[in-house]
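# Descriptive structure summary
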Amino acid sequence: MLKTYNNLEQSLVSHTSNWLGWGSKVNPDAKHNDNPALSIKGALTGYDEFIN
C-alpha cells in the first residue's frame, strides 16, 4: 500500500495543476483500517482552510 501511495504522490508532484490542491501525510504506525480515523480531522481542516 505504501508503494502505491508513494507512486501517487510522485505523480501528483511531477504533474502539478493550478486547479488541483492536495496534501498528503503518512500516519506513522497506523494499521490500514486506522487511517480514515487518523486522517479525517486533518483532511477536513485542510479543506476548510482551502475554501475559506
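Scroll up for the structure.
Notes on the structure in this doc start here. Think of each chain on its own: its residues are numbered from 1, step by step along the sequence as written. Predicted model: local features are reported for residues with pLDDT of at least 70 only, side-chain atom pairs are reported and counted for 80 or more only, and whole-chain, interface and lining totals are derived from all residues. Just so you know, side-chain values use all the structure's heavy atoms and leave hydrogens and water out.

## Concerning a nonpolar patch on the surface
Heads up, the condition is: Each patch is built from residues that are more than 30% exposed by relative accessible area and take part in no salt bridge. Like charges join if they lie within 9 Å; nonpolar side chains (Val, Leu, Ile, Met, Phe, Trp, Tyr) join within 5 Å. Each accessible area is a Shrake-Rupley result for a 1.4 Å probe, and residues are judged covered by the shown protein chains and nothing else. In the sections that follow, a salt bridge refers to a side-chain nitrogen of Lys or Arg positioned within 4 Å of a carboxyl oxygen of Asp or Glu. Secondary structure elements follow DSSP: runs of H or I of four or more residues count as helices, runs of E of two or more count as strands, with numbering from the N terminus.
A cluster of nonpolar residues, Val-13, Trp-19, Leu-20 and Trp-22, forms a patch on the protein surface that exposes about 490 Å² of accessible area. Relative to the helices and strands, Leu-20 resides in the loop between helix 1 (2-14) and helix 2 (35-51).

## Thoughts on unusual backbone geometry
Heads up, the condition is: Only protein chains enter the calculation, and the probe is 1.4 Å; a residue is then buried if its accessible area is under 20% of its type maximum, exposed if over 50%, and partly exposed in between.
Here Asp-29, not a glycine, exhibits a phi torsion of approximately 60 degrees, which is positive. For Asp-29, the position within the fold is in the loop between helix 1 and helix 2. Of the residues examined, Asp-29 reaches a relative accessible area of 79% and is grouped as exposed.

## What about the side chain of Asn-27?
For clarity, the threshold we go by: Each polar contact in these results corresponds to two N or O atoms within 3.5 Å; when the atoms are within protein, one needs to be able to donate a hydrogen and the other to accept it, and residues that are neighboring in sequence are counted only if both atoms are side-chain atoms. We call two residues in contact whenever any of their non-hydrogen atoms come within 4.5 Å of each other.
Along the chain, the position of Asn-27 falls in the loop between helix 1 and helix 2. Its relative accessible area of 12% is what places Asn-27 among the buried residues. Reaching out from Asn-27, the side chain makes a polar contact with the side chain of Ser-39 at a distance of 3.0 Å. Leave out the neighbours within four places in its chain, and Asn-27 touches Asn-35, Leu-38 and Ser-39.

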